[in-house]
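Letter by letter, the chains look like this.
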Amino acid sequence: MTSRNVEDRIQKISSVIRVIPDFPKPGIMFQDITTLLLDTKAFKDCIDLFVERYKDKNISVVAGVEARGFIFGPPIALAIGAKFVPLRKPGKLPGEVIREEYSLEYGEDIMEMHVGAVNAGERAIIVDDLIATGGTLRAALNLLEHVGVEVVECTCLIELPELKGRDRLGDKPLFVLVSAS
């Protein structure tokens, strides 16, 4: 696969993500991925680029952050032979959970995962659609590392670099396809 092919695919993916000004409040430039999901070729290219990156990295867990990580995580997990583990908001998982409380730019939140969903020593990636301030990905990292999982990398479709979310991940690598400015 040529790097030009990769660049062409990323350009196509970027071109189909709709930006909606002032949603959900004034001053926000919302990155709407629903238009990507409507373009089957661009959506497949998106999944394929993630799969190409992780297929030979001995990943056993793809942890998806609610809710948009649930769109990208399962097809990646299936393609690389890993299990998919949902990281959810409080009260959404029916079994015994472990939780991580964290701060967002607009308040506090909690992320939960089923007890026993992962095992110490497993290798994971964390998938979400977008990284802004990094609080949600940091919480996901803490949750998995607390039980001894080796998080190899965080991966997102879109990064808002001006919000410096990457800085909250410490030395944990972050891979993104599209940088939105």
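Refer to the structure above for everything that follows.
Residues numbered from 1 in each chain as written. Predicted model: local features only at pLDDT ≥ 70, side-chain atom pairs only at ≥ 80, totals over all residues. Heavy atoms only, no water.

**Student:** So, the overall build of the protein: which residues are in play, and what are the values?
**Tutor:** Within the protein one finds five helices and nine strands. For the protein, the α and β elements follow one another from N to C terminus as α-β-β-α-α-β-α-β-β-β-β-α-β-β. The C-alpha atoms of the protein give a radius of gyration of 16 Å, which matches the 16 Å a tight globule of 181 residues would have. Here the C-alpha coordinates of the protein stretch approximately 40 × 40 × 30 Å along the principal axes. Counting across all 181 residues of the protein, residues that qualify as buried make up 45%. For the protein, the computed accessible surface area is about 9100 Å², with 53% contributed by carbon and sulfur atoms. The average position of the 22 basic charges and that of the 27 acidic charges among the side chains of the protein differ by 3 Å. (Helix = DSSP H or I, 4+ residues; strand = E, 2+ residues; numbered from the N terminus. Rg over C-alpha atoms; globule rule 2.2 N^0.38 Å. Buried < 20%, exposed > 50% of the residue type's maximum accessible area, 1.4 Å probe, protein only. Areas by Shrake-Rupley, 256 points an atom, 1.4 Å probe, with all protein chains shown as cover. Lys, Arg positive; Asp, Glu negative; His and termini not counted. Charge placed at Lys NZ, Arg CZ, Asp CG, Glu CD.)

**Student:** If you had to explain the nonpolar core to someone new, which residues and values would you point to?
**Tutor:** Looking at soluble globular proteins, one finds that nonpolar side chains tend to be buried together. Membership of the largest hydrophobic core comes to 30 residues, with the highest contact counts inside it found for Ile-13, Leu-36, Phe-72, Ile-76, Leu-157 and Leu-177. Secondary structure elements with two or more residues in this core: helix H1 (3-16), helix H3 (40-54), helix H4 (69-80), strand E7 (123-131), strand E8 (150-159) and strand E9 (174-179). Of the residues forming this core, the biggest block, seven residues, is contributed by H3. Those residues in contact with Ile-76 that sit more than four places away from it in its chain are Ile-47, Phe-50, Val-51, Val-62, Ile-125 and Val-127. Judged by nonpolar contacts, the second largest core, of 27 residues, contains Val-61, Leu-87, Leu-144 and Val-176. (Core = buried A, V, L, I, M, F, W, Y, C linked by side-chain atoms within 4.5 Å. Contact = heavy atoms within 4.5 Å.)

**Student:** Please give an account of H4 that cites residues and values.
**Tutor:** Spanning 12 residues, H4 covers 16 Å between terminal C-alpha atoms, matching the ideal 16 Å at 1.5 Å per step. Immediately downstream of H4, the backbone of Gly-81 shows phi near 75°, a positive value. (Expected span 1.5 Å × (residues − 1).)

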